[in-house]
Amino acid sequence: MQRQASGGPASGSAPISANGGGPAAAAPGPDEPDAQLPPDRDFERIAGTTSFLVRRQWLISDPVRRAATGGFVTPTRTAVLLRELVGAGILSWAKPDRLATAADRLVLLDGSKGQAVIRVSLGAGAYNVIGLPPGTGAMVARVQGGLELTVAAEGVEEGGPPIQLDAAQIDDALDAVERFTQLTIPSARRHDLVIKASAGAGTFRIHLSRENLIDLVGAGAWRGFSERESSKDGAREAVGAGVAVNSDLTDLELERARKWLQANLPSSKHEGVRIDRALLDVILTIERSPHRARIIAELAAGEGGAAVTAISVEAAVREATYEAERDAIGIESPRPTANLDPVHDVALPARIVQHASKIASGDSVPFSVEVDWPPVAIDRAQGDEYRYRQFVTNVDWVFEKGTTHDKAYGSQRYTGGHATHNHVFRLAAGEEQATWIVHAFVRHSHFQPVHETRSVVVQTEAALMRDLREDATAGMGSLYQDPDKKNFDTGVLNNKAGSEKQDKGLSFHGRLPIGFSHTTDAQRDQRRAEEMNQVRAMIEHLRGRPQMNTDAIEAAERYLANLERADGAIERDAGSGWQSFEVRGTLRAKQAGVEDGALQLHGSLRRRDDGFIGVQLRDLSRRFGAEDLRTEGYGSDFAEALEEAFVPLCKAYPAGRLFILAQDYQGLRAMQTTIGFELDTGTVGEDIKAKVWDPAVKIAINLAGLAATLAGFGAIALPALAVYNGLETVDQLHEEYVRGTLSTTDLSLGLASLALDMMPALGRVKSVAGSTRAMFMLSLADTAGEALYMTAAAHLAIRDLEDMHVAQLVDQWERMVEMQSRTDAADPAMRAMQAQFDAKAEDVKKASTHVIAGLVAQRALFVAAKRAGEVVLARGGGGATQPRWKELSDDGVFVARPDGAPYYDPSKGQIVGNPAKLTDGQLDELVTQQGTHMRLLSTQLADDLRLPLTDVEVMVGDDVVVSVGKSGGVTATYKPGMAPDAVRAQWREQHGQIVAGRAGAAPPQRENGEDSTGPTEARSARLGAADSLPAATAGRPSASDVAHSRLLALANNDSVLIDDFLRLAGEANGDGVATRLENLLTFAASRGASVAECRDLLQIAAGDAERFRELVGQAMRFGAHRASVPNPQPANLIDPTGALNFASANTVHVFQRHVYDYFDATDIKAANTFFPPGTTPAMVIADLEVGIERLRIHYSTTIPMQGSLGVQIGDRWMQIGWRTQAGKKLIGQFFPGSGPGVENISGPVMTAIAKIIGS
Amino acid sequence: MDIEISIAETHGLDGVVTLAAEGQPDVVITDEPWHQLMHLCSAVAEFEHGMSAGIPYSSMPGGYQLSVDGDEVVLTGDYVPTVRYPRAELATAIIAATDVWLAHAAALPSVERDGVRESVAEAADAARAAVRPRPEPTEKTSDVP
């Protein structure tokens, strides 16, 4: 007998059944539906089901409704209903494209009798389009008196005509029928069945009619089942109270799950349970878990209204297991929970990353927890969590040594996406190697906790190098034991100033194995040809879909061009008489991000015309940077030539150690021996820092350096010298910052003394020539090549400290010294004064720490090479994307000329040359000439003004301006292109006016030497009180007198205005107000603003000193005169997968809106957010590149256009989005929302600041 | 209540959108008008189905919410006052303002405007579809079994 079942009443479609109680419907129609649907609703989901009550009129009014077999299709309405199910979490696994397809294909089988409100259910066949719920083998529903099934079937592809099921597929389907109906299909009736099905993606759908089922289970059994189930409709679904069962569990399994729940979670039935395969699997996992009791306790504690599902139980298992493992390993800190309430039911997809490829004993290794963000679909609530709540991560680290189980603990908590934790691994004496297990117990604000581990192998330095050498030289025989110590010639500077390790390395000798044959040119050629062919094949593949891969093809072609260029160069070598030789190499990198391991070296040698042997090394490893390296050496023999080529190759690498081994040659004849070298990659530049930090050297430098600058500062030298260690601290901090490992803890280390260290030397601060920024450079150690750089704002902030705090400390110190001369240490008055001094010193320490920590965090203060002054800063922190000549050109220092040799024109203060022909060396020399000229102008100006040379600085600017500091020091800006003599005349004139103005405002002295007691004196006294400035002492004016006279000078002696401004600035309730006001007015003057134009900002302060401090800080972040806005582009606009390419990024807009130095003050909004001060275009681009990657992760599931996506980049929360332009995508939106250093300046404040900085 | 939405472009695509209605404070949104109109049109489709909608700013953090309260829509958020508008009038005003912008974009095309015009037009179409009066039942419906 053959019985036939079909793929359903509407072939190729899957039904939504609209049951109106007709004879074919499984569920009765609603008798009183109108009463159940609120009048203002078109539909409403029936709680706990996939069914809806739907207003018939709404359904049939679908503008694109069309008829279909057995009913009709209402794509618009169905889409709304499906969206509702997704929103309720019922179809949460379904992909948007599947839902869209389903909306267009689901057929409404209308068995209604024209009621105004009808019941619509999602049939089992719908899952053939949408896909089955994860972990579900089949979905079954009663439809039109029979059953409809969607069954999982691996390998089935969607579409096409109905497929005929094979025996296994029929068995799967009938098994599902048995589980669903709890009826048995006798095995004899399973044979000879022919079932045709509609194919889905990995599923098939069939419809078994009432007749089919009577054939299979018997008429009585089917009738009984139909009567029992008559009240149910829709595919099996379980949400809400009660126990629901998915149909793919056997009776035994079902019973087991029920009993377990009853025994362990007795209240679960009231809260709702979904028993399915996934839940059963979790139950079995719990039973096998060593933490069973704890898990059940966690589950019981978590019971509280939510339905029990496999997901919720799994979450409890994860939580309990995590805590149990955390306890077991001995972490004693309390469970951190604040701000760590996950929004996802899945564990954080994290892994431990070790930021060092190989580890030697004593290495401090940074570890981090990296998250592989899954492309999850997020609902609206979760989206809000992403947008408005920062990522918070808490990590408990445990470093467990494998052999001894000794443990070291550490913990960190951070906001944002990334932080590192360093651990120093140390082997025991005599140990050569050991393994540690690194545990990270991670709690996260958005995901569930996870315990991750990774093993780490630690070796002695010697063992590590030995292994690297062995790996790299496999097949090249053995090395003789005990390599020779060798003193390399690493250059004059290194030899003179470098450390021992920089020029003292090792030389190796060994013997090649018998029968060794070196890699031939043909083999090398073949290797390169193979690589090029692979790339060509890839390009061809991409060209198969050119419209998708245009940009990827371009990238691949560029890569191929590089390979071909290298290949051509090697071919030309051969044509020039170079013959290749076998050379291997390996790198032991000590810089994070650079891989250890074998290098791809290509060696060649030849006899030169002068008889020497020449050796050339080409390094194609591209281990760092994209360029191939090439070095050359020559000598009387091969070894000498190889050494000469080796040293520059070695020194080209970042921190680490380089080893090479080559087949030895006698003349051009290959030997059976090998020769090799090994040397530290460090250079004197790196070592100088170490030299400066050497305690003995440091003391010498400090004493020498400070002694030269202490005149005029008197006793301040004593506290300063006592704590002098600033250079090391700032440099360390900056390095930490660059590596991204700067933490608040680091900031608190050693900063207290830093401001004190700098104050004595502030008189030596030099402005940085050639920079458009108001940057200053302080040479703390002349021989070190290092300098402390600070922004103008930082300079003023430190001055501020000096004026407010240190002046008092000095005053107290002087009195103490004076008392010491009259009494002894046991005198109670002396002891009291000492206590006062200590307390004041503590205050200064706190204030200094606060100020310096802020400056360092804002990148307003850092250490760099002194020589970098003109170059690094002009490039914006070293991340330049445009050539130096262009930077100089923007500053007016460089003028392009198509012909002739480049030169420096002192008559105009400009470098002239053809950028296309200018070499770096030439430009260096011309920049030096320009610097020398500026120094010459300083000397001339000092002479003109009859000032000491140390008090005069000249810097490049876009105008001719003289400013006179409080101590009389002069800073003058020179505008390139102007005749120096004319500029000097202007400087003299401006200086004369300033000095005359100040002289006019100086407090008059009475003939008898007593101070005046007029209004000015009263004001001075008030200033003294407001700023806690030292009072006048005999023979010199008080600090408050000087401060007041300076304020009056700035305001053209308008004492009424100054009084008013001091009131608005909060002189009545704050310290340092006058100094801050002076800073603001000076700043305004430097930006061409009048004193009156500062009033709006002061009115916002409205007498609140703290608010005024904040506002001045904000205003002075716009320190740079606006330069032309650059337009660098991120490097990853092209998506390697071709999925989301961008044509460009509107970086000009980003800089003009969100970077202080480029802010467009004509475009002020209600909120104006800024990247941290000091952020350069290169830094923004680096962040943007990360943002683009984040955008791509979210692209497929969530965000199509600009406006909705917030992403975490580093410590900052950024918003990013794109729009279209000229048919391509453009990044139109990228700005910081929150994070360290990010400032949001309100519209009114920004408008007031704009008055000062101009537009 | 008459609601008037005016648009000004001051910096390329950037500018100001102002919602004015009698008896309500003006809502002044300094942001890219095309971006605001695109999102406002999407919001129409949402609040016509009784759902609230959030609209982010394009060039500064934050945004505002349009929540349905009966026949009214309540606008609340960052840097804007809280106001209430009749739902239907607000939808009409948004679509009208968007049409004005689209006409402006057609009359004064630029690379930037051309790029985003399609997105704004799509959103406007969706808004129009959402507010289109639903067809009354006709005899034709009797063909449904």
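Residues numbered from 1 in each chain as written. Chains lettered and ligands numbered in written order. Predicted model: local features only at pLDDT ≥ 70, side-chain atom pairs only at ≥ 80, totals over all residues. Heavy atoms only, no water.

A word on the overall build of chain A
Right, so step 1: Looking only at helices and strands, chain A has 42 helices and 50 strands in total.
Right, so step 2: Taken over 1255 residues, chain A has a buried fraction of 50%.
Right, so step 3: Once local pairs closer than 6 in sequence are excluded, the contacts in chain A between residues at least 24 apart make up 67%.
Right, so step 4: For chain A, the exposed surface amounts to about 54800 Å²; the carbon and sulfur share of it is 52%. (Helix = DSSP H or I, 4+ residues; strand = E, 2+ residues; numbered from the N terminus. Buried < 20%, exposed > 50% of the residue type's maximum accessible area, 1.4 Å probe, protein only. Contact = heavy atoms within 4.5 Å. Areas by Shrake-Rupley, 256 points an atom, 1.4 Å probe, with all protein chains shown as cover.)

Some thoughts on the nonpolar core
Right, so step 1: Grouped together as the largest cluster of nonpolar side chains are 42 residues, with contacts concentrated most on B:Leu19, B:Phe47, B:Leu66, B:Leu75, B:Tyr85 and B:Leu90.
Right, so step 2: If one sorts the elements of this core by residue count, helix α2 (residues 87-107) of chain B sits on top with nine residues.
Right, so step 3: B:Leu66 has contacts with B:Leu40, B:Ala43, B:Phe47, B:Ser52, B:Ala53, B:Ile55, B:Val73, B:Val74, B:Leu75 and B:Leu90, leaving out every residue within four places of it along the chain.
Right, so step 4: Ranked by size, the runner-up nonpolar core spans 41 residues in total, among them A:Phe1061, A:Leu1064, A:Ala1074 and A:Leu1081. (Core = buried A, V, L, I, M, F, W, Y, C linked by side-chain atoms within 4.5 Å.)

Considerations on helix α36 (residues 1055-1065) of chain A
Residues and elements named next belong to chain A.
Right, so step 1: Every buried residue of α36 is accounted for by Leu-1057, Ile-1058, Asp-1060, Phe-1061, Leu-1062, Leu-1064 and Ala-1065.
Right, so step 2: Here α36 starts with a cap whose side-chain oxygen sits 3.3 Å from the backbone nitrogen of Val-1056, and that cap is Asp-1054.
Right, so step 3: A positive backbone phi angle near 90° is found at Gly-1066, which sits one or two residues after α36. (Polar contact = N/O pair within 3.5 Å; in protein donor to acceptor, adjacent residues only side chain to side chain.)

Some thoughts on the sheet that holds strand β41 (residues 910-913) of chain A
All names here are of chain A.
Right, so step 1: The three strands lie next to each other as β39-β41-β40, forming an open sheet whose pairing is mixed. Of all strands in the sheet, those with a lone pairing partner are β39 (894-896) and β40 (903-905), marking the two edges. For this sheet, the mean inter-axis angle between neighbouring strands, taken without regard to orientation, is 30°.
Right, so step 2: Sheet topology places β39 next to β41; three bridges connect them, and they run parallel. Along β41, the bridge assignment pairs Val-895 with Val-912. (Pairing = 2+ DSSP bridges. Axes fitted to C-alpha atoms, helices over the stretch in contact; angles between N-to-C directions.)

Comments concerning the pattern of salt bridges
Residues and elements named next belong to chain A.
Right, so step 1: This structure, assessed with the given rule, holds 42 salt bridges over all chains.
Right, so step 2: In this structure, Glu-400 engages Lys-407 in a salt bridge whose closest nitrogen and oxygen atoms are separated by 4.0 Å.
Right, so step 3: Taking the relative accessible area as the measure of exposure, Glu-400 reaches 14% and is therefore buried.
Right, so step 4: Its relative accessible area of 35% is what places Lys-407 among the partly exposed residues.
Right, so step 5: In this structure, the salt-bridge partner of Arg-536 is Glu-564, at a minimum N-O distance of 3.0 Å. (Salt bridge = Lys/Arg side-chain N within 4 Å of Asp/Glu carboxyl O.)

Some points on the confidence of the model for chain A
Detail in the predicted coordinates should be disregarded across regions flagged by low pLDDT.
Residues and elements named next belong to chain A.
Right, so step 1: Per-residue confidence for chain A gives a mean pLDDT of 72, with 67% of residues at or over 70.
Right, so step 2: Ranking the elements of chain A by mean pLDDT puts helix α24 (residues 717-722) last with 26 and helix α38 (residues 1095-1101) first with 94.
Right, so step 3: Below pLDDT 50 for its whole length, residues 684-764 participates in 126 contacts with residues either more than four positions away or in separate chains.
Right, so step 4: Across residues 779-786, confidence stays below pLDDT 50; counting only partners more than four residues off in sequence or on other chains, it has 25 contacts. (pLDDT = per-residue confidence, 0-100.)

A few points about the side chain of A:Arg77
All names here are of chain A.
Right, so step 1: The topology assignment puts Arg-77 in helix α3 (residues 75-87).
Right, so step 2: Of the side chains bearing the opposite charge, Asp-62 lies closest to the buried Arg-77, which forms no salt bridge; the N-O distance is 4.9 Å.
Right, so step 3: Polar side-chain contacts of Arg-77 include one of 2.6 Å to the backbone oxygen of Trp-58.
Right, so step 4: Only 2.9 Å separates the side chain of Arg-77 from the side chain of Ser-61, close enough to count as a polar contact. (Lys, Arg positive; Asp, Glu negative; His and termini not counted.)

Some remarks on unusual backbone geometry
Right, so step 1: Phi at A:His405 is positive, roughly 60°, even though this residue is not glycine.
Right, so step 2: With respect to the helices, strands and loops of the structure, A:His405 is situated in the loop between β19 (392-401) and β20 (407-415).
Right, so step 3: With a relative accessible area of 49%, A:His405 lands in the partly exposed category.
Right, so step 4: Residues other than glycine seldom take positive phi values, yet B:Tyr79 does so here, at roughly 60°.
Right, so step 5: For B:Tyr79, the position within the fold is in the loop between β6 (72-77) and β7 (83-86).
Right, so step 6: Take B:Tyr79: its relative accessible area is 39%, and that puts it in the partly exposed class.

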